[in-house]
Amino acid sequence: TDLSKIRNFSIIAHIDHGKSTLADRLIEFCGAIEARDMKAQLLDNMDIERERGITIKAQTVRLNYNAKDGETYQLNLMDTPGHVDFAYEVSRSLAACEGSLLVVDASQGVEAQTLANVYQALDANHEIVPVLNKVDLPAADVDRVKTQIEDVIGLDASDAVEISAKTGLNIEGVLEAIVARLPSPKGDREAPLQALIVDSWYDAYLGVIILVRVFNGELKLGQKVRFMATGATRELDRVGIFTPKKVAVDRLGPGEMGFVTAAIKDIRDTKVGDTITEERRLAEKPLAGFKPSIPVVFCGLFPADAADFEHLRDSLGKLALNDASFQYETESSAALGFGFRCGFLGLLHLEIIQERLEREFDLDLITTAPSVVYKMFMTDGTVLEMHNPADMPDVVKIDHIEEPWIKATIMLPDEYLGGVLALCTERRGIQVDLTYVGGRAMLVYELPLNEVVFDFYDRLKSISRGYASFDYHLEGYREGDLVKMSILVNAEPVDALSMIVHRSQAEYRGRQLCERLKDLIPRHLFKIPIQAAIGAKVIARETIAALRKDVLAKCYGGDISRKRKLLDKQKEGKKRMRQFGEVEIPQSAFIAALKMG
Ligand code: GDP
Ligand code: MG
């Protein structure tokens, strides 16, 4: 295809502003033409199930658009990868396109992720077309939102496209804007092949599927290619595009996007961001690629039922194949038995993996407190990275500790400003900026990541009644007065409950945790002290009183079926208890205790 007839674009938006709905409308609008013009055959063994898989994972769709200028354009819509909404994941899609549609909900306005996404699109040198969605809503205020886009983002919004993705209003306007205002790709068909690996995932039928954007040269069926980062060579056994169905094509030229397969079994062989070149005629150097995604939040995942350990290992393996940014290794804990230490790109990523394990793999999990990666500067001059509070070295050997800091952008209606400022201060935040735009405040804060990982987002949402939006990126490491807080139950340390905290927060967190445990651990026949300690120094303490005989007596008599239920419950509960010395702690106590806030 003539390069001037190609447009590659992403849709960026704050969550719920209508990105998916608009994508559907664009596909629908172009669909009729597609059916007539495209004679390519559907890939073999394609079935409904896999089609469902595609909608989860297909991140690019090729559309043929018959524009008003009488020409047919090839539009490649690049979705931002499905399962992680955070900024680092967006960058890879942006690297594959020349432009972005910025969707803003006209009844809501600019939110924190709108802004974060725009900065990234600008970083990727994108041309940006603002699209005001949901103009069908009575609450839509097009003028106010246009002003916001101009004031907050600094984009000219005078020719923003006003649409309703829901009713289909002015979808053609969006397509015309793509053609008229976004640049066409550049590239040289005669040059040695350079294709960027935008994403890859494992498909049970086809092996690893690689999503590519060709910059120079051509990708062809049967071609022998080389992956520049790993040096591996393969023969391409499929070349295709998504329409959104997988459709085979014989080649992908400069500026085009699509997929290839090459009988690859292990997703780790296809590094996202790597360059594919031709074995016969190697490119001089790889494409710039993009920054690798590094896990920043770690936590332990343990099966609630120890018998599920192998099932959990299996499930983690399957998830990792689909998600190269997710890391895990085995871990054992005195409290929780065998499990895995897992690394995530952020909290949302953590939550999603946890949810997928529970939903898709039917696992019952115990999650330990999320921890960030600390840098331990040891007195002997070495630097250790610590992912797990249980691994904290002897304090006398530590010179100082550094912790990661983030820069956060929070947008909110200004009536909630006071509460949010207090929250940020409580979390050791440093205010960088505060501006007002059209009744909304935009706050920029530097915060230690470890103060954000527990419950910051939940607190923010509750303080602002759901109206605040939040986005962040990692800024770097700074020294902090950090200590390891241990929890002792009946004088036994419980490793799964230990955590790294700032010294100024230790007492508050310790007290909170002890109070919770007091309510969560059932009474025994003896008194149970619960203590929080830094080293040998106890900073908080609670005591669970001993069970009295007459309390037991009260359980007898009464409704027989109720009693049966109670007994069954106890039996069930018994299985889920963990023994600590003389004390049995229900597993639910770990989960509940760690839900800080
Ligand atoms: P995404 O998170 O950006 O992908 O947002 P979705 O496309 O999933 O849309 C979020 C919600 O907004 C859904 O309930 C949509 O039905 C709704 N929505 C999307 N576009 C419009 C629109 O133009 N008008 C109205 N009234 N609702 C819309
Ligand atoms: Mg969506």
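Participant: Kindly report on the overall build of the protein, identifying the contributing residues and their values.
Facilitator: Helix and strand counts for the protein come out as 14 helices and 34 strands. Considering the protein as a whole, with its 597 residues, one finds that 53% of them fall into the buried category. Excluding contacts between residues fewer than 6 apart, the proportion of contacts in the protein whose partners are at least 24 apart in sequence is 70%. Counting only carbon and sulfur atoms, one obtains 49% of the accessible surface of the protein, whose full area is about 27100 Å².

Participant: Help me get a handle on the environment of E279, residues and values and all.
Facilitator: Structurally, E279 is set in the loop between β16 (275-278) and β17 (297-303). Judged by its relative accessible area of 27%, E279 is partly exposed. A sequence separation of 235 residues divides E279 from C514, and the C-alpha atoms of the two residues are 63 Å apart. The residues contacting E279, other than those within four sequence positions of it, are K224, V225, R226 and T233.

Participant: Give me the side chain of E451: which residues, what numbers.
Facilitator: Structurally, the position occupied by E451 is in the loop between β26 (440-448) and α10 (456-463). For E451, the side chain forms a polar contact with the side chain of Q505, separated by 3.1 Å. The residues touching E451, leaving out its near neighbours within four places in the chain, are R427, R428, F456, H502, Q505 and R509.

Participant: Lay out the nonpolar core in plain terms, naming residues and giving numbers.
Facilitator: Core analysis: the largest hydrophobic core is formed by 84 residues, its most contacted members being L357, I410, L412, F456, F470 and F590. In terms of residue count, strand β24 (residues 398-413) provides more of this core than any other element does, 6 residues in total. Leaving out residues up to four positions away in the same chain, F456 has contacts with I410, L423, C424, R427, L447, E451 and F470. If you look at the next biggest cluster of nonpolar residues, it comprises 35 residues, including W201, L211, V225 and I276.

Participant: Hey, could you go over the site of ligand 1 for me, with residue numbers and the actual values?
Facilitator: Around ligand 1 lies a shell of 15 residues, among which D16, K19, S20, T21 and D136 are the nearest. Within the backbone of H17, one N or O atom sits 3.4 Å away from an oxygen atom of ligand 1. N133 places a side-chain nitrogen or oxygen 3.0 Å from an oxygen atom of ligand 1. Sorting elements by how many residues they give to the shell around ligand 1 places helix α1 (residues 19-37) first, with 3 residues. Residue classes in the shell around ligand 1 are distributed as 3 nonpolar, 7 polar and 5 charged.

Participant: How would you explain the pattern of salt bridges if you had to name every residue and give the values?
Facilitator: Evaluation of the coordinates by the stated rule reveals 28 salt bridges. One salt bridge in this structure joins D2 and K5, with 3.7 Å as the shortest N-O distance. K5 gets classed as buried once you look at its relative accessible area, which sits at 17%. One salt bridge connects R226 with E279, and the closest N-O pair in it is separated by 3.1 Å. Of this pair, R226 sits in strand β10 (residues 224-227) while E279 sits in the loop between β16 and β17, and the two are 53 residues apart along the sequence.

Participant: Summarise the pairing of strand β7 (residues 194-203); cite the residues concerned and give the values.
Facilitator: Across the 10 residues that make up β7, a large majority, 9, are buried. Here β7 pairs with strand β8 (residues 207-216) via 9 bridges, running antiparallel. Bridging across to β8, D199 finds its partner in L211. Both β7 and β16 contribute to a ladder of 2 bridges, which runs antiparallel. Pairing of A195 across the sheet is with I276, part of β16.

Participant: Residue-level account of the packing of helix α9 (residues 417-426) against α10, with values.
Facilitator: Their axes nearest at 9 Å, the elements α9 and α10 cross at an angle of 160°. Taken together, the axis directions place α9 and α10 in an arrangement best described as roughly antiparallel. The chirality of how α9 crosses α10 is right-handed. Of the residues in α10, those touching α9 at G419, V420, L423, C424 and E426 are F456, R459, L460 and I463. Within the contact of α9 with α10, the residues separate by chemical class into 6 nonpolar, 1 polar and 2 charged.

Participant: Describe the packing of aromatic side chains, and please don't skip the residues or the numbers.
Facilitator: Within the structure shown, the criterion is met by 12 aromatic pairs. Measuring from centroid to centroid gives 5.9 Å for Y328 and F340, while their planes differ by 75°, and the two rings are edge-to-face. Taken together, the positions of Y328 in strand β18 (residues 327-333) and F340 in strand β19 (residues 337-344) put the pair 12 residues apart, joining distant regions of the chain. F340 sits in the buried class, given a relative accessible area of 1%. Ring geometry for F456 versus F470: centroids 5.2 Å apart, planes at 45°, classification tilted. Residue F456 is located in helix α10, and its partner F470 is located in strand β27 (residues 469-480); the two are separated by 14 residues in the primary sequence. Across from the ring centre of Y477, 4.1 Å away, lies the NZ or CZ of K375, which sits over that ring. Positioned above the aromatic ring of W405 is the side chain of R478, whose terminal nitrogen or guanidinium carbon lies 4.5 Å from the ring centre.

Participant: Summarise the side chain of N388; cite the residues concerned and give the values.
Facilitator: Along the chain, N388 turns up in the loop between β23 (383-386) and β24. For N388, the side chain forms a polar contact with the side chain of R341, separated by 3.5 Å. Excluding residues within four positions of it along the chain, N388 makes contact with E331 and R341.

Thresholds applied
Residues numbered from 1 in each chain as written. Chains lettered and ligands numbered in written order. Predicted model: local features only at pLDDT ≥ 70, side-chain atom pairs only at ≥ 80, totals over all residues. Heavy atoms only, no water. Helix = DSSP H or I, 4+ residues; strand = E, 2+ residues; numbered from the N terminus. Buried < 20%, exposed > 50% of the residue type's maximum accessible area, 1.4 Å probe, protein only. Contact = heavy atoms within 4.5 Å. Areas by Shrake-Rupley, 256 points an atom, 1.4 Å probe, with all protein chains shown as cover. Polar contact = N/O pair within 3.5 Å; in protein donor to acceptor, adjacent residues only side chain to side chain. Core = buried A, V, L, I, M, F, W, Y, C linked by side-chain atoms within 4.5 Å. Near = heavy atom within 4 Å. Nonpolar A, V, L, I, M, F, W, Y, C, P; charged D, E, K, R; others polar. Salt bridge = Lys/Arg side-chain N within 4 Å of Asp/Glu carboxyl O. Pairing = 2+ DSSP bridges. Axes fitted to C-alpha atoms, helices over the stretch in contact; angles between N-to-C directions. Parallel < 35°, antiparallel > 145°, perpendicular 65-115°, else oblique. Left-handed = near helix turned anticlockwise from the far one by under 90°. Phe/Tyr/Trp six-rings, centres within 6.5 Å; stacked < 30°, edge-to-face > 60°. Lys NZ or Arg CZ within 6 Å of the ring centre and 35° of its normal.

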